[in-house]
Amino acid sequence: MTINDSEVVAELAAVYPEYETALVNNDIETMQRLFWASPYVVRFGATENLHGIGEITAFRAARPAANLARRITRLDISTFGRDFGCVHIEFERDKDGGVVRGRQSQTWVRLPEGWRVVAAHVSLLS
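Each chain has its residues counted from 1, running along the sequence as written. Residues qualify for local features only when their pLDDT is at least 70, as the model is predicted, and side-chain atom pairs are given and counted only at 80 or more; totals for whole chains, interfaces and linings, by contrast, use all residues. As a rule here, side-chain values cover all heavy atoms of the structure and leave hydrogens and water aside.

Caption draft 1: Main features of the overall build of the protein chain. Secondary structure elements are taken from DSSP: a helix is a run of H or I of four residues or more, a strand is a run of E of two residues or more, and numbering for both begins at the N terminus. Counting its regular elements, the protein chain contains three helices and six strands. Note on method: radius of gyration uses C-alpha positions; expected globular size equals 2.2 Å times residues raised to 0.38. Relative to the compact-globule value of 14 Å for 126 residues, the protein chain shows a C-alpha radius of gyration of 14 Å, a close match. Only protein chains enter the accessibility calculation, which uses a 1.4 Å probe. A residue is then buried if its area is under 20% of the maximum for its type, exposed if over 50%, and partly exposed in between. Burial analysis of the protein chain (126 residues in total) assigns 39% to the buried set. Long-range contacts, defined as pairs at least 24 residues apart, comprise 48% of the intrachain contacts of the protein chain with a sequence gap of at least 6. In this description, accessible areas are obtained by the Shrake-Rupley approach with a 1.4 Å probe, and a residue is regarded as covered only by the protein chains that are shown. Carbon and sulfur atoms form 55% of the exposed surface of the protein chain, whose accessible area is close to 7,000 Å². For the protein chain, the distance from the average site of its 14 positive side-chain charges to the average site of its 16 negative ones is 4 Å. We call two residues contacting when some pair of their heavy atoms lies within 4.5 Å. In this count, Lys and Arg are taken as positive residues and Asp and Glu as negative ones, while His and the chain termini are left out. Just so you know, the charge point we use is NZ for Lys, CZ for Arg, CG for Asp and CD for Glu.

Now the structure itself:
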């Protein structure tokens, strides 16, 4: 198995910004498309544990669309073989006159329909 094959890393480096842009613009359709449409997909957020695409969809539909902008301060991509990779970011968000720091990890798998997030985790540091 090849770790961090440059072509595979480049593929994830190209698809991840699509997700990030959708996130900060509350483009629910794109975010949903990039997640695995499965009862087995998991997203652990800063305040919620979501199991299955149905719970993720419901969360996104009810989530306030305000204050979603953030600055990515670190981005790391690791791939294993041609069809599995992880994206890890650290970010900052302005809130109430201060800065909130957080982190996000996503596990991506190449499925027949393309790269999809099969597991995600978001947490805040401050």
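Caption draft 2: Quick peek at the pattern of salt bridges. Each salt bridge in this description consists of a side-chain nitrogen of Lys or Arg and a carboxyl oxygen of Asp or Glu lying within 4 Å of one another. Counting across every chain of the model gives 11 salt bridges. For the salt bridge of Arg110 with Asp83, the shortest nitrogen-to-oxygen distance reads 2.7 Å. Here Arg110, found in strand S5 (residues 98-111), pairs with Asp83, found in the loop between strand S3 (71-79) and strand S4 (84-95); they are 27 residues apart in sequence, far enough to count as distant. Among the residues examined, Asp83 registers a relative accessible area of 37% and is labelled partly exposed. Through salt bridges with shared partners, one network takes in Asp5, Glu7, Glu11, Arg82, Asp83 and Arg110.

Caption draft 3: Main features of unusual backbone geometry. Positive phi is not limited to glycine here, since Asn4 has a value of about 60°. You can see Asn4 is positioned in the segment before helix H1 (6-24). In the Ramachandran plot, Asn26 falls in the positive-phi region, its phi being about 55° despite a non-glycine side chain. Within the element layout of this structure, Asn26 appears in the loop between H1 and helix H2 (28-34).

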